[in-house]
Each structure stands twice: as C-alpha cells, then as structure tokens.
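# Geometric and topological summary
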Amino acid sequence: MERTAVKRNILLNPGPSTTTDTVKYAQVVPDICPREREFVEIMREMKRDLLRVVEADPKRYAAVLFCGSGTLNIDACVSSLLPEGKKILVVNNGSYSARAAEAARYYDLDLVELTLPTDRPVDVKSVAEALEREKDVAVVYACMHETGTGILNPVREIGELAHAHNAVMVADTTSAYALLPFTVEEENLDFIMASAQKGLMSMTGLSFVIGRKDVLEASKDYPKRSYYSNLYLQYSFLRDKGEMHFTPPVQTIYATRQALAEFFDEGIEKKSARHRNVWTALRDGALSRGFKIAFPEEYMAKLVLPVLYPDTLDSDGAHYGEDAPGEPFDFFQFHDALYDKGFTIYPGKVADTPTFRLCSLGAIDVEDIDAFYRAVDEILEETR
Ligand SMILES: *Cc1c(COP(=O)(O)O)cnc(C)c1O
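Owing to the predicted nature of the structure, the values given are computational and were not obtained by experimental measurement.

## Quick look at the sheet that holds strand E15 (residues 346-347)
As summarised here, the arrangement of the three strands in space is E11-E16-E15, forming an open sheet in which the pairing is antiparallel. Every other strand in the sheet has two partners, leaving strand E11 (304-308) and E15 as the edge strands with one partner each. Bridging between E15 and strand E16 (residues 355-359) involves two bridges; their strand directions are antiparallel. Looking across to E16, one finds that Pro-347 is bridged to Phe-356. Along the sheet face, helix H10 (residues 268-288) touches E11 and E16 and points at about 10° away from the line of E11.

## Some points on helix H8 (residues 231-241)
Buried within H8 we find Leu-231, Tyr-232, Gln-234, Tyr-235, Ser-236, Phe-237 and Leu-238. Next to the buried residues of H8 lie helix H2 (37-53), strand E2 (61-67), helix H3 (71-80), strand E9 (191-195), strand E10 (206-212) and helix H7 (213-218). Taking the backbone nitrogen of Tyr-232 as reference, a side-chain oxygen 3.2 Å away marks Asn-230 as the first, capping residue of H8.

## Quick word on the site of the ligand
Residues in contact with the ligand amount to 13 residues; listed here are only the nearest, Ser-69, Thr-71, Thr-147, Asp-172 and Lys-198. Contact between the ligand and Ser-69: an oxygen atom at 2.5 Å from a side-chain N or O atom of the residue. Contacts to the ligand include Gly-70, whose backbone N or O atom sits 3.3 Å from an oxygen atom. Contact with the protein chains covers 87% of the free accessible surface of the ligand, which is 380 Å². Residues belonging to the shell around the ligand are distributed by class as follows: two nonpolar, eight polar and three charged.

## Focus on the nonpolar core
Counting 89 residues, the largest nonpolar core has Leu-50, Leu-89, Val-140, Tyr-177, Ile-210 and Leu-231 as the members making the most contacts within it. Counting residues in each nonpolar core, the second largest holds 31 residues, with Leu-282, Phe-295, Leu-338 and Phe-372 among its members.

## A word on the pattern of salt bridges
Scanning the entire structure with this criterion turns up 21 salt bridges. Of the charged contacts, one joins Arg-8 and Asp-368 as a salt bridge, the two residues approaching to 2.9 Å between their closest N and O atoms. Note that Arg-8 is positioned in the segment before strand E1 (10-11) and Asp-368 in helix H12 (residues 366-383), a separation of 360 residues in sequence. For Arg-8, a relative accessible area of 44% puts it in the partly exposed group. Asp-368 gets classed as buried once you look at its relative accessible area, which sits at 14%. When the shortest N-O distance is used, the salt bridge between Arg-105 and Glu-113 registers 2.7 Å. Taking the relative accessible area as the measure of exposure, Arg-105 reaches 45% and is therefore partly exposed. Where salt bridges share partners, they join Arg-48, Asp-49 and Arg-52 into one cluster.

## Looking at helix H4 (residues 95-106)
In an α-helix, one full turn covers 3.6 residues, which means residues spaced three or four apart are oriented alike. The end-to-end C-alpha distance of H4 is 16 Å, a good match for the 16 Å that 12 residues give at a rise of 1.5 Å each. Taken residue by residue, H4 has Tyr-96, Ser-97, Ala-100, Ala-101, Ala-103 and Ala-104 as its buried positions. One side of H4 carries all its buried residues, which in axial view fall inside an arc of 155°. The elements touched by buried residues of H4 are H3, strand E3 (87-92), strand E4 (110-115), strand E5 (137-143), strand E6 (145-146) and strand E8 (168-172). Just past H4, the residue Asp-108 takes up positive phi, approximately 55°.

## Considerations on the side chain of Arg-357
With respect to the helices, strands and loops of the structure, Arg-357 is situated in strand E16. For the buried Arg-357, no salt bridge exists, and the shortest N-O distance to an oppositely charged side chain is 7.5 Å, to Glu-146. A polar side-chain atom of Arg-357 sits 2.8 Å from the main-chain carbonyl oxygen of Thr-147. One polar contact links the side chain of Arg-357 to the main-chain carbonyl oxygen of Pro-347, over a distance of 3.0 Å. When near neighbours in sequence (up to four residues on either side) are disregarded, Arg-357 contacts Leu-12, Pro-14, Thr-147, Gly-148, Val-304, Leu-305, Ile-345, Tyr-346, Pro-347, Gly-348 and Lys-349.

## A short note on the confidence of the model for the protein chain
Mean pLDDT over the protein chain: 94, with 95% of residues reaching 70 or higher. Segment residues 312-323 is flagged for pLDDT under 50; beyond a separation of four residues in sequence, or across chains, it makes 38 contacts in the model.

## A few points about the environment of Ile-10
By the element assignment, Ile-10 lies in strand E1. Residue classification places Ile-10 among the buried residues on the basis of a relative accessible area of 6%. C-alpha of Ile-10 to C-alpha of His-245: the two residues are 235 residues apart in sequence and 35 Å apart in space. The contact partners of Ile-10, leaving out residues within four places of it in the chain, are Thr-18, Gly-342, Phe-343, Thr-344, Ile-364 and Asp-368.

Definitions and limits used
Residues numbered from 1 in each chain as written. Predicted model: local features only at pLDDT ≥ 70, side-chain atom pairs only at ≥ 80, totals over all residues. Heavy atoms only, no water. Pairing = 2+ DSSP bridges. Helix = DSSP H or I, 4+ residues; strand = E, 2+ residues; numbered from the N terminus. Contact = heavy atoms within 4.5 Å. Axes fitted to C-alpha atoms, helices over the stretch in contact; angles between N-to-C directions. Buried < 20%, exposed > 50% of the residue type's maximum accessible area, 1.4 Å probe, protein only. Polar contact = N/O pair within 3.5 Å; in protein donor to acceptor, adjacent residues only side chain to side chain. Near = heavy atom within 4 Å. Areas by Shrake-Rupley, 256 points an atom, 1.4 Å probe, with all protein chains shown as cover. Nonpolar A, V, L, I, M, F, W, Y, C, P; charged D, E, K, R; others polar. Core = buried A, V, L, I, M, F, W, Y, C linked by side-chain atoms within 4.5 Å. Salt bridge = Lys/Arg side-chain N within 4 Å of Asp/Glu carboxyl O. Expected span 1.5 Å × (residues − 1). Arc of directions from axis to C-beta. Lys, Arg positive; Asp, Glu negative; His and termini not counted. pLDDT = per-residue confidence, 0-100.

Written out as structure tokens, the structure is:
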C-alpha cells in the first residue's frame, strides 16, 4: 500500500500527543471482528506488555482495559474498590485529583477529601494526620503527576502510609506512565491507570487500569455502583475470555500495539530523558523571552511547563507589571497564530493564576522546540 507522510503537527498540549507515522498507519488494517481468535491474541500480548512498562508482576497484577478516555479509569477505580461501610480518602492538590473526589461524590461514597494547596506537592504529613484521624479508610487516592500544574506528588510515601493503615493505594498515573521511569512495587502502588494517547504516544479511545489481582478478586463482593466501568466485571471477563466485555477500540488497539513496540525499542530511560530535554528546551526558550514559570522547578515532574501570562508584552519580549506599555497578553490570539504554524499550546489549570501549558509528551524532540520558538518569535515580532 502507498503510504504518504501525514502532515506533522507539534502538540504541546497534555495529550493526545504527536504520534509517529508508523503508529498512525498501524490503524489501517483489514477489517476484523474483535471476537476473533487473532484479535484475542493481540489483546493477550497487550495486557502483558502494559504490565511490563511498569514492571508489574503478572502473577500479582492484571491490566483491565476499557474503551474510553482516561477519566473512565478514575470512574472505575473510585466506584469499584470501596467495600461496604468503608471510606475513600482522596488527596486533592489539583484538578485531576479533584475529579476523583467529584466522582466519589457522584456515587455518594463516604468520602474524606483532603484539600491541599495546588501550588506545591502533597505534604505527606497531612496525609498521615488524616489517616490517624479517620478510621475505616480502605482506599487512598492521589494523582502522581498533576497534569494541570505539572507538579509531581510523593505517591511512594503516600502509598507507604496507605499500606500502614491497611488501605489500598490508587494513583492516577495517566500523565506519568511510560513517561517517567517508575515501577508499581517501588512506588507502593496497588492500582494505577493511564490511556493510550498520553505516554504511549498512541491514539485515543483505549484506557487501562493496572491493579492487584487479589484486590480485584475481593472486589467481586463490593457494592456495585456502575455497570460499564465496574473493574471486577471487566477484569473477570478479560481473565476468563481474553476479550473486553464490550466492543473494544479496534484500530486504537492496533496503533497501541505498534506504539508499545516503539516504546520498548526506545526504552524508558532514553524516552524519559528525551521528554526531559524537550521540557528543558521549552523552559529555556520561555525564560529567555521573559516569560516566567509558575512553580519552582523542584516541585515539577518536568513534563508540563506552566507559563504565567505576561501582563503585557513590550519590545523586549514579555514584560510583567501592570503599568507596562503595550497590549495585554491575549492567549487565544497567541494560540491561534501558533496553531496556524502547526504548533498547539494549551490553557493552564492553575487556580486564580492565568497560565498556559507547554508539554513535552509525544514523539517530539529538541529540534521541534527550536522550530516552535522560531514561530513564537515571528508572532511576537508581528504583534509588537
Ligand atoms: C489526561 C488525564 C486524565 C484523563 O483525562 P481525559 O480527558 O479523560 O482523557 C486523567 N488524569 C490525568 C492526570 C490526566 O493527565
């Protein structure tokens, strides 16, 4: 088959990310019914490979796949893992952990929401205090990398506390999986989650939870709060039949198979170093143009760069301070001008502080960031 190169856009939003053409073209396959043995075999390999990314032992952990975006994983973990009469502690220091708390409220769970400042990593001491104070916490939930702010949370310490209180540790690792080198056991994580379009650099539509089999088995008897997103129902179907319960995202699964092959080819050490280099290039380019970064570097996972809006731009580039000359910074105008040049930037999610985000996910490298800043300079020149 003749394959032409697809126009390459540089996505600096927090996923879906820029993909390789080989991943894009992996979707173009002969039509197949996903109930066929051939497809079941692909699923079997995929479940194994998804575990390998975080060195999850297949004897102890299973991958539970869903057709949907990453929020379905949050929904599944929150609704499926809480035994009757027990509490879920959601450690909330950003918009993604807030989403888990919202889901817990939707299901009327006995929720302990520990609301912490969003401008810094979780203070482990406050989690310890909450676990001392609250009896009957069976699930502790935190977000590893808060994609809205770019802040990296100490999930290893939170997991240790959860285990000391006999609770199951659930971490939203959607924007850390296949991006940062970590393993489930070292990080004390019983359940993690991600979706194919983020760290794996595949397409949207496939999301997955990786979790402890003994807990999944025990959850068979927990209250059922959802049908489509019940973890046990999907886990047991995959275990017994090797298939997803309902129609899987067939083409995305083919793309993800290719993406996983490319992931293991590159290797997590090299891949995370590449993302780090891209992040550093994004940071250096922003700083040298007078932009400021919202948080201290040591707080961040170095995958998402939260850039403060300049109040105004003057002839030296970005200028802060309300009395500065020039027009106020118009994010959407800046976004649109960049979009026309093939670069996508993204609004921020930092409470009360106007920021935009530049993310280093995806099949991109430092040269792409050089090209990005050439485009930025042209736009700043024009709007001056
Ligand atoms: C992307 C992301 C999700 C999932 O968001 P969707 O909009 O459902 O794709 C969940 N948690 C984190 C931390 C994320 O970055």
